[in-house]
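Spelled out, the chains give:
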Amino acid sequence: MSIRIEKYNTEYKSVWDDFVSSSRNGTFLFYRDYMEYHSGRFHDYSLMFFDKNKLIALLPANISEQVFYSHQGLTYGGLVLSEDTKTPQTIEIIDTVVKYLQENKISKIIYKPIPHIYHRYPSEDDLYALFRNKGTLLSRTISSTVDLSAKLGYSELRKRQLKKAEKQNLIVCESDSLPEFWAVLEENLKENHQAVATHSLDEIAYLRNQFPDNIRLFCTLKENRILAGCLIYETVTVAHTQYISASEEGKEAGALDLLFDHLINKVFVKKKYFDFGTSNEDSGHFLNEGLISQKEGFGARGIVYDTYQINITLQ
């Protein structure tokens with residue numbers, strides 16, 4: 001077997017996107033229209049892998065200061081594999097990547113595998129291949145995920161907040177009011193976390209326009225005002241909460257509890273997983289226990305988002 005690497009260029013766009021669609025572990029984040037919304041920030045170095053003339057894998061990636069990243073602009077970005085690609089091929093792909101980067105004077109690989117909840121079919125071949133190449137764990141963050149086929153009960157606090165919300169004149173619905181939600185989000189981030197959203201309003205509006213079936217906004221309303229909202233990234237297997245926010249009035253009213261209950265038990269009940277996202281800072285070394293307690297109160301439990309490193313010896 002001999003793996004051939006081709007560096008991605010725009011001529012491959014439709015081939016790339018078609019492969020993502022039919023892969024066993026790709027999500028809409030790997031479509032080129034998503035990856036390239038912030039192309040000015042990253043030097044793309046995405047790779048395509050062929051066995052003879054058959055495309056068998058993709059690796060969304062960028063390069064910075066002679067370090068190869070899979071991909072800094074994405075939450076996760078490991079090998080995207082076809083249904084036919086098997087473990088020996090995956091090992092050879094990683095071996096070939098190391099040799100290819102070595103020849104191009106790149107000294108390090110920073111690799112973020114796709115968490116298993118996003119896999120349409122088991123796809124952890126790359127983790128074994130990383131181990132074979134002396135890959136070491138660089139960071140690990142913990143996300144809180146509800147298994148929607150075997151849901152756990154809510155905590156007493158979440159039950160009380162939900163009952164409080166249900167007694168008020170609140171409406172939960174899908175919404176097009178992205179600017180109004182973004183104002184709530186930005187105010188909350190500024191006041192409580194001295195932070196800003198990863199995406200600007202213009203960026204998220206562009207992405208939502210490109211992927212309306214995957215990026216969806218749900219809100220809790222009172223008299224047509226947004227008290228709480230959640231921007232969902234929807235994949236085949238997962239409804240992931242990309243952004244969550246509530247106004248002070250919304251927090252007091254239990255508006256998020258009502259919203260999450262609606263999403264878990266009605267909107268996304270047929271998905272495999274509902275993922276609340278991570279509760280960490282400092283590459284996973286700090287755990288926000290208050291934040292994760294809220295998520296676990298809805299029956300969510302831990303899955304990890306990992307980052308690995310391979311050092312490449314340059315000749």
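Conventions used here
- Residues numbered from 1 in each chain as written.
- Predicted model: local features only at pLDDT ≥ 70, side-chain atom pairs only at ≥ 80, totals over all residues.
- Heavy atoms only, no water.
- Helix = DSSP H or I, 4+ residues; strand = E, 2+ residues; numbered from the N terminus.
- Rg over C-alpha atoms; globule rule 2.2 N^0.38 Å.
- Buried < 20%, exposed > 50% of the residue type's maximum accessible area, 1.4 Å probe, protein only.
- Contact = heavy atoms within 4.5 Å.
- Lys, Arg positive; Asp, Glu negative; His and termini not counted.
- Charge placed at Lys NZ, Arg CZ, Asp CG, Glu CD.
- Core = buried A, V, L, I, M, F, W, Y, C linked by side-chain atoms within 4.5 Å.
- Phe/Tyr/Trp six-rings, centres within 6.5 Å; stacked < 30°, edge-to-face > 60°.
- Lys NZ or Arg CZ within 6 Å of the ring centre and 35° of its normal.

Colleague: Describe the overall build of the protein chain, naming the residues involved and giving the relevant values.
Modeller: Summing up its helical and strand segments, the protein chain has 10 helices and 17 strands in all. Expected size for 315 residues packed as a compact globule is a radius of gyration near 20 Å; at 21 Å, the protein chain falls within 12% of this value. Relative to its full complement of 315 residues, the protein chain shows a buried share of 53%. Intrachain contacts of the protein chain at a sequence separation of at least 6 include 74% that bridge at least 24 residues. A distance of 4 Å separates the average location of the 36 positive side-chain charges in the protein chain from that of its 42 negative side-chain charges.

Colleague: Describe the nonpolar core, with residues and values.
Modeller: Among soluble globular proteins, nonpolar side chains are generally buried collectively. Of all hydrophobic cores here, the largest spans 40 residues; its most connected members are Tyr34, Phe181, Trp182, Leu231 and Tyr233. Not counting the four nearest positions on each side in its chain, Tyr34 is found in contact with Phe28, Leu29, Leu74, His199, Leu207, Phe211, Ile215 and Tyr233. The next biggest cluster of nonpolar side chains, apart from the first, holds 28 residues, and it includes Ile5, Ile106, Ile109 and Tyr111.

Colleague: Provide a residue-level description of the packing of aromatic side chains, including the pertinent values.
Modeller: This model, assessed by the stated rule, comprises 22 aromatic pairs. Note on Tyr8 and Trp16: the rings are 5.2 Å apart at their centroids and 70 degrees apart in plane angle, and the pair reads as edge-to-face. Trp16 carries the same exposure label as Tyr8, and that label is buried. By the ring-pair criterion, three or more aromatic residues cluster together here, those being Phe28, Tyr31, Tyr34, Tyr37, Phe211 and Tyr233. It is Arg32 that lies over the ring of Trp16; its NZ or CZ is 4.7 Å from the centre.

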